[in-house]
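Coordinate analysis (summary)
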Amino acid sequence: MVKTAVLVSGGGTNLQAILDKRGKVIFSADIALVVSNKKDAYALERAAQNGIRGEFISSKNFEEKLQALLEECKIEFVVLAGFLKILSPEFTAKWAGRIINIHPALIPSFCGVGMYGLHVHEAVLAYGAKVTGATVHYVNEVADGGRIISQKAVEVLEGDTPEILQRRVMEQAEWILLPNAVEQVAKLIENKVK
Ligand code: GRF
């Protein structure tokens, strides 16, 4: 199994989707660590509830501390799940091919700097798009710019608010795509090493 860290900043519903799919969809990744850049992220509570080490890292020298913790825990694969901090080109280059992210839209639509959380769904509704969805992609130095791994479309419905649309995108796309992508990439990493 590939020792895996999940980076979070908020509620952790994508982390929960990963945890719930262990042994059902996920067989090749061992979720060994959860790291948040927000002290009060409920995602850390979800880690604790599942007996998984959870760590808060403050912004000061964040990447240096993160890299040290990943090495201490012998992490081989990093999953960004609702993680809202931009990582440096140096960091993403070090982890190239071993770091993925979930974005709540169909990249290249509604992505890039400033496009995160509810802002994404507000922009979809403001534009009048009829279809949106979610994307799992490799992380590189460009915000939401890495190679696409998987996508799933979701209908925009009459009367949708950003909150209603976000929930539908989570339920019908994010929480399905991410566990499948974690298994897919973990298997690739495992095979490359062996
Ligand atoms: C979700 O919209 C996710 O797509 C985005 O951050 C939001 C919260 O995710 N990346 P979570 O509930 O913290 O997993």
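The shown structure was predicted, so the numbers you read here are calculated from the model rather than taken from an experiment. (Residues numbered from 1 in each chain as written. Predicted model: local features only at pLDDT ≥ 70, side-chain atom pairs only at ≥ 80, totals over all residues. Heavy atoms only, no water.)

Looking at the overall build of the protein
As a reminder, the rule being used: Helix and strand definitions follow DSSP, with helices as H or I runs of at least four residues and strands as E runs of at least two, each counted in order from the N terminus. The globule rule used here is 2.2 Å times the number of residues to the 0.38 power, and the radius of gyration it is set against is calculated over C-alpha atoms. Relative accessible area decides the class of each residue, using a 1.4 Å probe on protein chains only: under 20% of the type maximum gives buried, over 50% gives exposed, and in between gives partly exposed.
Tallying secondary structure elements over the protein gives six helices and seven strands in all. The linear arrangement of helices and strands in the protein, starting from the amino end, is β-α-β-α-β-α-β-α-β-α-β-β-α. In summary, the protein has a C-alpha radius of gyration of 16 Å against a globular reference of 16 Å for 194 residues, a match within 12%. Along the first, second and third principal axes, the C-alpha set of the protein runs to 50 × 35 × 30 Å. Expressed as a percentage of its 194 residues, the buried residues of the protein come to 48%.

Some remarks on the site of the ligand
Rules: What makes a residue near a molecule or strand is one non-hydrogen atom of that residue sitting within 4 Å of it. Counted as a polar contact is a pair of N or O atoms within 3.5 Å, where, for protein atoms, one must be capable of donating a hydrogen and the other of accepting one, and residues adjacent in sequence contribute only when both atoms are in side chains. Only the protein chains shown count as cover for residues, and the accessible areas themselves come from Shrake-Rupley with a 1.4 Å probe.
Around the ligand, a shell composed of Gly 10, Gly 11, Gly 12, Thr 13, Asn 14, Gly 82, Ile 102, Pro 104, Gln 166, Met 170 and Glu 174 is seen. In this structure, Gly 11 approaches the ligand through a main-chain N or O atom, which is 3.4 Å from an oxygen atom. At a separation of 3.3 Å, an oxygen atom of the ligand approaches a polar side-chain atom of Gln 166. Protein burial of the ligand: of its 360 Å² of free accessible surface, 90% is covered by the chains. Taken together, the elements giving at least two residues each to the shell around the ligand come down to α1 (13–20) and α6 (162–193).

Remarks on the nonpolar core
Convention followed: Here the nonpolar core consists of buried residues drawn from Ala, Val, Leu, Ile, Met, Phe, Trp, Tyr and Cys, with membership extended through side-chain atoms lying within 4.5 Å. Pairs of residues are marked as contacts when any of their non-hydrogen atoms sit within 4.5 Å.
Core analysis: the biggest nonpolar cluster contains 37 residues, and Phe 77, Ile 100, Leu 178 and Val 182 have the highest contact counts within it. The element contributing the most residues to this core is α6, with ten residues. Not counting residues up to four positions away in its chain, the partners in contact with Leu 178 are Asn 14, Ile 18, Val 79, Ala 81, Ile 100, Ile 102 and Val 136. Among the nonpolar cores identified, the runner-up in size contains 19 residues, and Phe 62, Val 78, Leu 87 and Val 139 belong to it.

Overview of the packing of aromatic side chains
Each aromatic ring pair is described using two quantities: the centre-to-centre distance and the angle formed by the ring planes. Using the following cut-off: A pair of Phe, Tyr and Trp rings is counted when the ring centres sit within 6.5 Å of each other, with Trp represented by its six-membered ring. The angle between the planes then sorts it: under 30 degrees is stacked, over 60 is edge-to-face, the rest tilted. For a lysine, the NZ atom is tested; for an arginine, the CZ atom; a charge sits over a ring if that atom is within 6 Å of the ring centre and within 35 degrees of the ring normal.
In total, this model carries three aromatic pairs according to the counting rule given. The positively charged end of Lys 85 is found above the aromatic ring belonging to Phe 62, 5.3 Å away from the centroid.

Quick look at the pattern of salt bridges
Just so we agree on the cut-off: By salt bridge we mean one thing: a side-chain nitrogen of Lys or Arg within 4 Å of a carboxyl oxygen of Asp or Glu.
Summed over the entire model, instances satisfying the criterion amount to six salt bridges. With a shortest N-O distance of 2.9 Å, Glu 171 and Arg 167 are connected by a salt bridge. With Glu 171 and Arg 167 both in helix α6 and four residues apart, this pair spans about one turn of that helix. Given the relative accessible area of 41%, Glu 171 is considered partly exposed. Where salt bridges share partners, they join Arg 53, Glu 55 and Glu 72 into one cluster.

Some points on the pairing of strand β4 (residues 77–80)
Short version of the rule: For two strands to be treated as a pair, DSSP must find at least two bridges joining them. If the strands point away from the viewer and the path from the first strand over the helix to the second runs clockwise, then the crossover is right-handed.
Both faces of β4 are covered, namely the face carrying Phe 77 and Val 79 and the face carrying Val 78 and Leu 80. Sheet analysis places strand β1 (residues 2–8) next to β4, joined by four bridges and oriented parallel. In the sheet register, Thr 4 faces β4, and the bridge partner there is Phe 77. The β-α-β motif built from β4, the intervening helix α4 (residues 89–94) and the parallel element strand β5 (residues 99–103) has right-handed crossover chirality.

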